[in-house]
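# Architecture and fold: a report
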Amino acid sequence: MSGTGKTRSKGANGWLLSAPALILLLLAASGPLVIVVIYSVLAKGDYSGVRWILSGDAWFRVLFEKDIFDGTVSLADANLSIFWRSVKLSLATTLITFVLGLPTAWFIGTRPKTTRALWLFLITIPFWTNLLIRTFAIMEVIRNQGLLNTLLIKIGLISAPIQILYTDTAVLIGMTYVYLPLMVLPLFAAIDRFDFKLIEAGYDLYASRWQILRGVILPIIKPGIVAGCILVFIPSLGAYVTPRVLGGGKNMMIGNFIELQFGQGQNWPLGAALSTMLLLIVLVSLVVYTRASTRGGPHG
Amino acid sequence: MKTDHAIDACNVSKIYGAGARAVTALGDVSIGIKQGEFFTLLGPSGCGKTTLLRCIAGFETPTSGTILLFGRDITHTPPNQRPVNTVFQSYALFPHLSVAQNVGFGLKMQGKPAAEVAQEVERVLALVKLEDFADRLPQQLSGGQQQRVALARALAPKPEVLLLDEPLSALDLKLRKEMQSELKRLQTETGITFIFVTHDQEEALTMSDRIGVMSAGALMQVGPPREIYDHPVNRFVADFIGETNFLVGQVDGQGLRIGSGDVIAVPLNGQTGEVTLAVRPEQINIGPAGTGVAAKIIDMTYLGTDTHYTVALGDASTLVARVQSNSGASLSVGDSVGITFDAKAVQVLAS
Ligand SMILES: Nc1ncnc2c1ncn2[C@@H]1O[C@H](COP(=O)(O)OP(=O)(O)OP(=O)(O)O)[C@@H](O)[C@H]1O
Ligand SMILES: [Mg+2]
């Protein structure tokens, strides 16, 4: 009993000692967030900024729109479709980076220790360049007179350039390229810890290659898969540069739409409400996803 | 083909790598393993035991030669189509599956209905006395329990041959002894052919029906433990199995003239010139000075029931003798003694 008391007082002391750091962290992390949430329930300023009047206007406009002529209220199709596109594109990015990332991570994980570092280094090289420059590089590749179209025409697969730039496909290609390392690294970390003898054990016990992948490898590296998917999905959802450059003006994602409200739109409360909405989507998907991926207990 | 053989390895060789860096792990190994026997592959580290086992399991394809399972060529059959299971040295249990799911894995992959799998899992878990641990995860078990799960998992699909690659090497001595008799019991109860790999000669001698002694990718001798121990075919086997004294000498009339000049009576069968005599420590009798070969005790080690005496002969060559501690003789270091050998027990090896 006395032991428990002792550790508790020691624990309390510990808390007290780390209080300055905790307070700083709390303010730095949640301060801006709180401001965003507060702004979302204020009224719009005349040109920009906010007026300190409580107002549900911004939140109303996230979901609904009022016809300026007859005042009828309907769902804000335009906003919702931007949200929906963002979620769709982010899910697609996550899926594609997983499908590409798993073999890549497996390849690196099965290299001898000596060359492994080199492969990891190569994977992280894109991180060294500015995102904007990388995105423009992709633009060079996929534009109508770009590398890809020229090549396809040269080998006779197509006769006229296909329009990729300024489409969802372009955004998808860009985001896949940008976020692939974020998928590969956690997958590699999981594969690195994987005991390859287990594959032999499965193969010895009459499992086919497919059954080994599904019943042994995937469940064991699941923590890496979960981490990779979260690391790719969340920044994809809030992506700004890639859809801006590769999607052109009309293929907006949430990030661009939010930027619009703070810039040209001069509607800070709406921007803040949209940001809060984005945060809620992320939180809900995280909860749903982690629930789903930890369910079932010890089972393939 | 002889069908009383579970496994036949015919002229199997395995060369890893190519060119200057090629390693010959197995060189032309031929062996027949009988149905239902407990066969042990014994040899020092790197002699190719694991390689031979992996060729039988299907994880490696021999560079040349064939592997037969009950007369059927399985050299190129993948592991998941061979009715042969392996108990891995590191156990290789699936960490995300419960004990019961681990044990049922093979049956499930064979497409057995769930009810049958459950029933078999229960039966095999009872066999290894782990009924109460069915729902635990492998990391919640002790090393010895994990070992039993690995055994149960490999036994559950009722393989025709069970391969065990140093399964006991990770266990402490007491547990090891326990598992040795446990393995023996399981083998007798199931009647499955066991091929067991170890580099521990004592383990091999106590457990096996037959032993194959390997060295540098080749089989030196195959036979029952007693035969291998009593009649080793060469110096390597004699040295590897149990403790052995070697005496080199020249055949002289009916005996052997050893370095000290003494002539020892040995059962020669036609050997001439230089031969090697292998004498087990327990086959050396220490008597009073004047009998047999003159020697002097230079060291003694008390080992409980036995005492080891190191004796020096006239030419300063040394022998180790093992004498039962309660045999009455009170000997001490410095004593002059006479050494005699049990002529029937000593082995004359071709050098
Ligand atoms: N994958 C491989 N590539 C190259 N050489 C190998 C490979 N596997 C084994 N060898 C070599 O083949 C020889 C036999 O190895 P093996 O593993 O069969 O020995 P072992 O008798 O099982 O030894 P231990 O008792 O140490 O387990 C060794 O010289 C080893 O270095
Ligand atoms: Mg080995």
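From a predicted model like this one, the values you see are computed outputs, not experimental measurements. (Residues numbered from 1 in each chain as written. Chains lettered and ligands numbered in written order. Predicted model: local features only at pLDDT ≥ 70, side-chain atom pairs only at ≥ 80, totals over all residues. Heavy atoms only, no water.)

This brings us to the overall build of chain B. What chain B contains, in helices and strands, is eight helices and 20 strands. Dimensions along the principal axes, computed over C-alpha positions, put chain B at roughly 80 × 45 × 40 Å. The long-range share in chain B, meaning contacts at least 24 apart out of those at least 6 apart in sequence, stands at 64%. Computed over 29 positive and 36 negative side-chain charges, the inter-centroid distance for chain B is 5 Å. (Helix = DSSP H or I, 4+ residues; strand = E, 2+ residues; numbered from the N terminus. Contact = heavy atoms within 4.5 Å. Lys, Arg positive; Asp, Glu negative; His and termini not counted. Charge placed at Lys NZ, Arg CZ, Asp CG, Glu CD.)

Quick look at the site of ligand 1 now. All names here are of chain B. With respect to spatial proximity, 13 residues lie near ligand 1, and among them Ser45, Gly46, Lys49, Thr50 and Thr51 are the closest. Ser45 places a polar side-chain atom, nitrogen or oxygen, 2.4 Å from an oxygen atom of ligand 1. The contact in question runs from an oxygen atom of ligand 1 to an N or O atom on the side chain of Lys49, over 2.8 Å. If one sorts the elements of the shell around ligand 1 by residue count, helix H1 (residues 49–57) sits on top with three residues. Counted by class, the shell around ligand 1 contains five nonpolar, six polar and two charged residues. (Near = heavy atom within 4 Å. Polar contact = N/O pair within 3.5 Å; in protein donor to acceptor, adjacent residues only side chain to side chain. Nonpolar A, V, L, I, M, F, W, Y, C, P; charged D, E, K, R; others polar.)

What follows concerns the pairing of strand E16 (residues 293–303) of chain B. Each regular strand shows side chains that alternate between the opposite faces of the sheet. Residue and element names in this part refer to chain B. Direction of pairing for E16 relative to strand E19 (residues 336–341): antiparallel, over a ladder of four bridges. Along E19, the bridge assignment pairs Ala295 with Val337. Here E16 runs beside strand E17 (residues 306–313); their pairing, made up of eight bridges, is antiparallel. Bridged to Leu303 within E17 is Asp306. (Pairing = 2+ DSSP bridges.)

Another point: the domain arrangement of chain A. Quoted interface sizes are often the accessible area lost when the parts come together. All names here are of chain A. Per the domain assignment, the segments of chain A are domain 1 (3–74) and domain 2 (76–294). The gap between the C-alpha centroids of domain 1 and domain 2 is 29 Å. Contact with domain 1, which involves 20 residues of that partner, is made by 18 residues of domain 2. For the pair domain 1 and domain 2, the summed buried surface comes to about 1,600 Å²; carbon and sulfur atoms form 71% of the total. (Domains from an automatic or database assignment. Buried area = accessible area lost by both parts, 1.4 Å probe.)

A few words now on the environment of Pro223 of chain A. On the secondary structure map, Pro223 of chain A appears in helix H11 (residues 222–237). A residue is classified by how much of its surface remains accessible, and Pro223 of chain A, at 57% relative accessible area, is exposed. (Buried < 20%, exposed > 50% of the residue type's maximum accessible area, 1.4 Å probe, protein only.)

A word on the domain arrangement of chain B. Residue and element names in this part refer to chain B. Looking at the assigned domains, one finds that chain B contains domain 1 (5–236) and domain 2 (244–349). Using only C-alpha atoms to locate each centre, domain 1 and domain 2 end up separated by 40 Å. Residue-level contacts link eight residues of domain 1 with seven residues of domain 2. For the pair domain 1 and domain 2, the two sides together bury roughly 670 Å², of which 47% comes from carbon and sulfur. The largest share of the area that domain 1 buries against domain 2 comes from Tyr229, Pro232 and Arg235, three residues that together contribute 75% of it. Counting every contact that joins domain 1 to domain 2 gives four residue pairs in polar contact (both at pLDDT 80 or more). Considering every element that reaches the side of domain 1 that touches domain 2, the biggest residue donor is helix H7 (residues 225–230), with three residues. Looking at the side of domain 1 that touches domain 2, its residues break down into four nonpolar, two polar and two charged.

A few words now on the pairing of strand E3 (residues 38–42) of chain B. Residues and elements named next belong to chain B. Within E3, five of the five residues are buried, which leaves the element mostly enclosed by the surrounding structure. Bridge count for E3 against strand E8 (residues 193–198) is five bridges, and the pairing is parallel. Bridge pairing links Leu41 to Val197 in E8. Bridge count for E3 against strand E9 (residues 210–215) is four bridges, and the pairing is parallel. Looking across to E9, one finds that Leu42 is bridged to Val213.

It is worth spelling out empty space enclosed by the protein at this point. All names here are of chain B. Going through the model one piece at a time under the given rule, you end up with one cavity of 30 Å³ or more. For the largest cavity, the calculated volume is near 40 Å³. Lining the largest cavity, in full, are Tyr229, Asp230, Pro232, Ala238, Thr244, Ala278, Arg280, Gln283, Ala345 and Gln347. Among the residues making up the lining of the largest cavity, the classes are represented as five nonpolar, three polar and two charged. Counting the residues that make up the lining of the largest cavity, at least three belong to each of domain 1 (5–236) and domain 2 (244–349). (1 Å grid on protein atoms, 1.4 Å probe; cavity = no way out; pocket = protein on both sides within 12 Å on 5 of 7 lines; lining within 4 Å. Points joined across faces, edges and corners; volume = space filled by probe spheres on them.)

Let us now look at the interface of chain A and chain B. At the junction of the two partners, chain A supplies 19 residues and chain B supplies 27 residues. Here chain A meets chain B over a buried area of about 2,100 Å², counting both sides, of which 63% is carbon and sulfur. Of all residues in chain A, Asp204, Leu205 and Tyr206 of chain A give up the largest surface area on contact with chain B, accounting jointly for 37% of the area buried on that side. Where chain A meets chain B, there are one salt bridge. (Salt bridge = Lys/Arg side-chain N within 4 Å of Asp/Glu carboxyl O.)

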